[in-house]
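Structural description and commentary
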Amino acid sequence: MEFNAPAGENLFDKAKIVGKSTPRIDGPLKTTGKAPYAYERHDVVAGQVYGYIVGAAIAKGRIVSMDTAAARKAPGVVGVISTLDHAKPLPPGMQNNAPLFGGAQVAHYHQAIACVIAETFEQARSAAALILTRYDRAPGAFDLARAAPDAPLAKGDGGKPDRATLGDFDKAFAAAPVKIDARYHTPDESHAMMEPFATIAAWEGEKLTVWTSNQMIAWAKKSLGTILGIAAENVRVDSPYVGGGFGGKLFIRADAVVAALAAKAVGRPVKIAMQRPLMINNATHRHATIQRVRIGAEQDGRITAIAHENWSGNLGGEDGENGTLQTPKLYAGANRLTANYIATLDLPEGNAMRAPGEASGHLALEVAMDELAEALGMDPIELRIRNEPETVPATPEMRFSSRNLVRCLREGADKFGWSRRSAEPGKMREGNWLIGMGVAAGYRGGPTATSGARVRLTGDGGMVVETDMTDIGTGTYTIIAQTAAETMGLPLEKVRVTLGDSAFPASAGSGGQWGAASSTAGVYAACLNLRRAIGQKLGFNGEDATFENGRIRTGAKSFALADAGTLSAEGEMTFGKFKSDYEVGTYAGHFCEVAVNVYTGETRVRRMLAVCDAGRILNPLSARSQVIGAMVMSVGAALMEDLAVDKRFGFFVNHDLAGYEVPVHADIPHQDVIFLDTTDAIVSPLKAKGVGELGICGPGAAVANAVYNATGIRVREYPLTLDKYLDKLPRYS
Ligand code: MOS
């Protein structure tokens, strides 16, 4: 069915199950070890052998020779495959540009160049060390700051140069009585998800099955077909549980391709979990950015000119990290400029990482707003409220579907105790700790995409939902069960949800925070078809009947759902063109309090609050987990995460979890999340939007602004490690 007009009043407005805090239905499986991850699918196919991937030891160049003889003779080895088995690189999968395997050319460090297959993991690993590879190393570009000045504009919509203007920025900026002009740097970052890339691959004749860990099953199926040169119908992808992805698993990675090739070569199922030290350089990462923000305002705080320019780099000069994405949407201002430049770098491929674009963009724009507030002598919340637009600032003919950013900021200020903040920085002190508070606004789109499902009555009063939708730790199982239970009038425990199998109807998948809104709408569409089918079978109009407590009431008649026996229906929600008349976004007010040790410079986050406006919240419990997880990631971005680039040899040096620092429990204090009680009828029949990426858009800037408020030292280069401000802290004798 097509969602082709704003949702009217419907059953979700009187929901008993949707919208209620509900513990994850897959929680007991996860906590008892019964939810198997890809590498643990020991029972799906017999005779599994282990693959161990070898990564290239150069960043750019050519493999001259590879001697695999010793590896082939090593104990337990059943085969070795080499990139030189292929004359040229296998074609890339969807939305990727780095080659995953094949050919003598090396495009980036730790590109997969061989795989040893053995009876045990240890044998494969040991033999892999015996492979001798000779390279012809070529010079490469690894330094964004050096490449940025000559970088061309990236390709934007329709391949046009990614630069947009409104009014006359230069003139208005020159005339503005108060202005700021600042540059910010964000480093390369890694998804660093707990579950590594992992795949078990098995062939049956021409048919390939991969049990893998992936966010987008339909993309994975299609991509494996393209990469391996086989018909996509011959590929089955199964990924029921995913231990984190954050965008790194939107795509097919080398583990799946190499496992498939290796399984073909040795005639046995092959399992590969990419070793942690290979993951960061082998796969994708969030690109570093350099961002320049200029804002001009009247004395009363009204913005008259705003420009946001962004530079990032990528392999092959393909799309980068576009930090300007939120800027056309957030604040009023008649004269505007955004521009996004992309340099060609030979580092590993940059690609989507949680809230790509905005997560980095807020780290610049929302600190620039703090700097402007200070220049104006204005409260930073008041500055934002003063610049709240009526319609989309950069495209004024476009309306917001709904927007409650001002409420987020006001209610957050109240709840957080913002009035206790000292407007003058460096003035609040507790013992050896300087205390500061910071605020930032948050914006992230609320997109939807076509999503399908199959629903089946099992004949005993229960039902099953089948869709290739994934649960990447987000709570998808539960919100889908809630949606089906609500629509079919069943208690939650009567609904079984099966996900992640390409044999099921294709869903929107998990990405871009579109998963929750889209997949539940698809399940709703399937359930409506099931209600019609039940009506046909039992002789009533399924659309008008009441489904409640496992029973169906229609006129004077009443049935048990079990009376319908076993019945199955498929459905798909598509989203109509009417939506493109609206800007559908999600909004947040983010607050943070930090303490900075006046002697050591150590920064401790003390409190965090997010107030979110994201339409109907389908499950406040799992939505809260999404937001606090994203806030943790924001603390990482603000204070810790930093892939160190070796600019001579072109790789990320700290490529494991020992060297790549992320927040741990001891770094994170109590976090509060408040969801505004709003709905958005433009989004979907459930009037719900995603929230998992909204949570990483803004909190990092709130941390940085809090550090400034504590210390009076503005650091514009992330992460804010103490070496960048220690020598500027006040001296006390
Ligand atoms: Mo998200 S970066 O689209 O998984």
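Small disclaimer: the values here were computed from a predicted structure and weren't measured.

1. Points about the overall build of the protein
Each helix and strand in the protein was counted, giving 16 helices and 32 strands. Relative to a compact globule of 733 residues, whose C-alpha radius of gyration would be 27 Å, the protein shows 27 Å and is just as compact. When each of the 733 residues of the protein is scored for burial, the buried share is 63%. Contacts in the protein between residues at least 24 apart in sequence constitute 81% of all its contacts with a sequence separation of at least 6. In the protein, 77 positive and 79 negative side-chain charges are present, and the distance between their average locations comes to 1 Å.

2. What to know about the pattern of salt bridges
A pair can form between side chains of opposite charge whenever their charged atoms are brought close. Taken as a whole, this structure holds 38 salt bridges when the rule is applied. Among the ionic pairs, Asp238 bridges to Arg41, the shortest N-O distance being 3.0 Å. Of the two residues, Asp238 sits in strand 12 (residues 235-238) while Arg41 sits in the loop between helix 1 (27-31) and strand 2 (49-55), which places them 197 residues apart along the sequence. The two residues Asp238 and Arg41 agree in class, both being buried. Taking the shortest distance from any N to any O, the salt bridge between Lys329 and Glu583 comes out at 3.5 Å.

3. Focus: the state of the cysteines
Counted under the stated rule, the structure contains zero disulfides. Free of any disulfide, Cys408 has its nearest neighbouring cysteine sulfur in Cys612, separated by 6.9 Å. The exposure class assigned to Cys408 is buried, which follows from its relative accessible area of 0%. Free cysteine Cys697: the closest other cysteine sulfur is in Cys612, separated by 10 Å. In this structure Cys697 comes out as buried when scored by relative accessible area, which is 0%.

4. A look at the domain arrangement of the protein
Under the domain assignment, the protein is made up of domain 1 (2-35 + 448-581) and domain 2 (401-438 + 584-733). Placing the centre of domain 1 and that of domain 2 at their C-alpha centroids yields a distance of 35 Å. Domain 1 puts 34 residues into the contact, and the matching count from domain 2 is 24 residues. Roughly 2200 Å² of surface becomes buried between domain 1 and domain 2 when both sides are summed, with 58% attributable to carbon and sulfur atoms. One can count two salt bridges joining domain 1 with domain 2. Its salt-bridge partner being Lys687, residue Asp13 comes within 2.8 Å of it at the nearest N-O pair. Connecting domain 1 to domain 2 are 17 residue pairs in polar contact (both at pLDDT 80 or more). Among the elements of the structure, helix 13 (476-488), helix 14 (515-538) and strand 26 (566-575) are those that each provide at least two residues to the side of domain 1 that touches domain 2. For the side of domain 1 that touches domain 2, the class distribution of residues is 14 nonpolar, 15 polar and five charged.

5. Points about the sheet that holds strand 22 (residues 495-499)
Across the sheet, which stays open at both edges, the five strands sit in the order 1-26-20-21-22 with mixed pairing between neighbours. The strands lining the two open edges of the sheet, one partner per strand, are strand 1 (2-3) and strand 22. As paired elements, strand 20 (residues 451-458) and strand 26 share eight bridges and run antiparallel to each other. Bridge pairing in strand 26 places Ser451 opposite Met573.

6. Some thoughts on the side chain of Ser502
Mapped onto the secondary structure, Ser502 falls in the loop between strand 22 and helix 14. The buried category is assigned to Ser502, whose relative accessible area is 13%. Setting aside its immediate chain neighbours within four residues, Ser502 contacts Ile217, Lys221, Val235, Arg236, Val237 and Asp468.

7. Description of unusual backbone geometry
As a rule of thumb, non-glycine residues mostly have phi less than zero, and peptide bonds are mostly trans rather than cis. Between Tyr718 and the following residue, Pro719, the backbone shows a cis peptide bond with an omega angle of -5°. Examined against the element boundaries, Pro719 turns out to sit in the segment after helix 16 (699-711). Phi is positive for Gln513, which is not a glycine, with a value near 50°. A residue is classified by how much of its surface remains accessible, and Gln513, at 8% relative accessible area, is buried. Although it is not a glycine, Lys687 sits at a positive phi angle of roughly 60°. Tracing the backbone shows Lys687 in the loop between strand 32 (671-675) and helix 16.

8. Quick notes on the layout of surface pockets
Size it by volume and the second largest pocket reaches roughly 500 Å³. Taken together, 21 residues form the lining of the second largest pocket, with Leu11, Glu486, Arg531, Thr546 and Phe547 sitting closest to its centre. Considered class by class, the residues forming the lining of the second largest pocket number nine nonpolar, five polar and seven charged.

9. Quick word on the nonpolar core
Within the largest apolar cluster, 81 residues are counted, with the highest numbers of intra-cluster contacts made by Ile295, Leu372, Val594 and Cys612. Among the elements that make up this core, the one with the highest residue count is helix 10 (residues 358-376) (nine residues). For Leu372, the contacting residues outside a window of four places in its chain are Val178, Ile180, Ile295, Ala297, Ile303 and Leu383. In terms of nonpolar packing, the next biggest core, distinct from the first, is built from 39 residues, Val49, Leu224, Val257 and Ala262 among them.

10. Details of the packing of helix 10 against helix 16
Packing of helix 10 against helix 16 brings their axes to within 8 Å, and their N-to-C directions diverge by 35°. In the crossing of helix 10 with helix 16, the sense of the turn from one axis to the other is right-handed. Side by side, helix 10 and helix 16 meet where His362, Leu363, Glu366, Val367, Asp370 and Glu374 of the first sit next to Gly700, Ala701, Ala704, Asn705 and Tyr708 of the second. Across the contact of helix 10 with helix 16, the residue classes break down as five nonpolar, three polar and three charged.

11. Overview of the pairing of strand 4 (residues 77-82)
Burial analysis of strand 4 places five of its six residues in the buried class, which makes it a mostly covered element. The pairing of strand 4 with strand 6 (residues 112-118) spans five bridges and is antiparallel. Residue pairing in the sheet places Ser82 in a bridge with Ala114 of strand 6.

12. With respect to the pairing of strand 26
Only one face of strand 26 is buried, namely the one carrying Leu567, Ala569, Gly571, Met573 and Phe575, since none of Thr566, Ser568, Glu570, Glu572 and Thr574 on the opposite face is buried. The pairing of strand 1 with strand 26 spans two bridges and is parallel. Across the sheet, the residue bridging to Phe3 is Phe575, located in strand 26.

13. Some remarks on empty space enclosed by the protein
Taken as a whole and assessed by the stated rule, the structure comprises three cavities of 30 Å³ or more. Approximately 100 Å³ is the volume attributed to the largest cavity. Every residue lining the largest cavity is counted, 15 residues in all, and those nearest its centre are Ala359, Leu363, Ser634, Ala637 and Ile696. The set of elements that each furnish at least two residues to the lining of the largest cavity consists of helix 10, helix 15 (620-639) and helix 16. Ranked by residue count, the leading element in the lining of the largest cavity is helix 10, at four residues. Its residues assigned to classes, the lining of the largest cavity shows eight nonpolar, five polar and two charged. Taken together, Ser190, His191, Ala192, Met193, Phe197, Arg276, Met279, Ile280, Ala283, Thr284 and Leu657 form the lining of the second largest cavity. In the lining of the second largest cavity, the residues fall into seven nonpolar, three polar and one charged.

What counts and what doesn't
Position numbers for residues count from 1 along each chain, tracking the sequence in the order it is written. Note on the predicted model: pLDDT of at least 70 is required for a residue's local features to be given, and 80 or more for side-chain atom pairs to be given and counted; whole-chain, interface and lining totals, by contrast, use all residues. As a convention, hydrogens and water are excluded, and side-chain values are obtained from all of the structure's heavy atoms. What counts as a helix is a DSSP run of H or I of at least four residues, what counts as a strand is a run of E of at least two, and both are numbered from the N terminus. To get the radius of gyration, use the C-alpha atoms; to get the globule rule, take the number of residues to the power 0.38 and multiply by 2.2 Å. Buried residues are those whose accessible area, probed at 1.4 Å on protein chains only, stays under 20% of the maximum for their type, while exposed residues exceed 50% and partly exposed ones sit between those limits. Note on definitions: a residue-residue contact is assigned when non-hydrogen atoms from the two residues lie within 4.5 Å. Charge assignment: positive for Lys and Arg, negative for Asp and Glu; neither His nor the chain ends contribute. To locate a charge, the coordinates of NZ of Lys, CZ of Arg, CG of Asp or CD of Glu are taken. Each reported salt bridge corresponds to a side-chain nitrogen of Lys or Arg within 4 Å of a carboxyl oxygen of Asp or Glu. The term disulfide is used for any two cysteine sulfur atoms that are within 2.5 Å. Residue ranges for the domains originate in an automatic or database domain assignment. The term buried area means the drop in 1.4 Å probe accessible area that two parts suffer when joined, counted for both and summed. Whenever two N or O atoms come within 3.5 Å, that pair is a polar contact, provided that in protein one can donate a hydrogen and the other can accept it, and provided that, for residues adjacent in sequence, both atoms are side-chain atoms. Three residue categories are used. Nonpolar comprises Ala, Val, Leu, Ile, Met, Phe, Trp, Tyr, Cys and Pro, charged comprises Asp, Glu, Lys and Arg, and polar comprises the others, including Gly. Whether two strands pair comes down to DSSP finding at least two bridges between them. For each structure, a 1 Å grid was placed over the protein atoms alone; sets of points admitting a 1.4 Å probe that cannot get out are labelled cavities, open sets with protein on both sides within 12 Å along at least five of seven lines are labelled pockets, and lining residues have an atom within 4 Å of a point. Grid points are joined across faces, edges and corners, and a volume is the space filled by probe spheres set on the points. Put simply, buried Ala, Val, Leu, Ile, Met, Phe, Trp, Tyr and Cys residues joined by side-chain atoms within 4.5 Å make one nonpolar core. Helix axes use the C-alpha atoms of the stretch in contact, all axes being lines fitted to C-alpha atoms, and the angles between their N-to-C directions lie in the range 0 to 180 degrees. Crossing handedness is read from the near helix: turned anticlockwise from the far helix by less than a right angle, it gives a left-handed crossing, and turned clockwise, a right-handed one.

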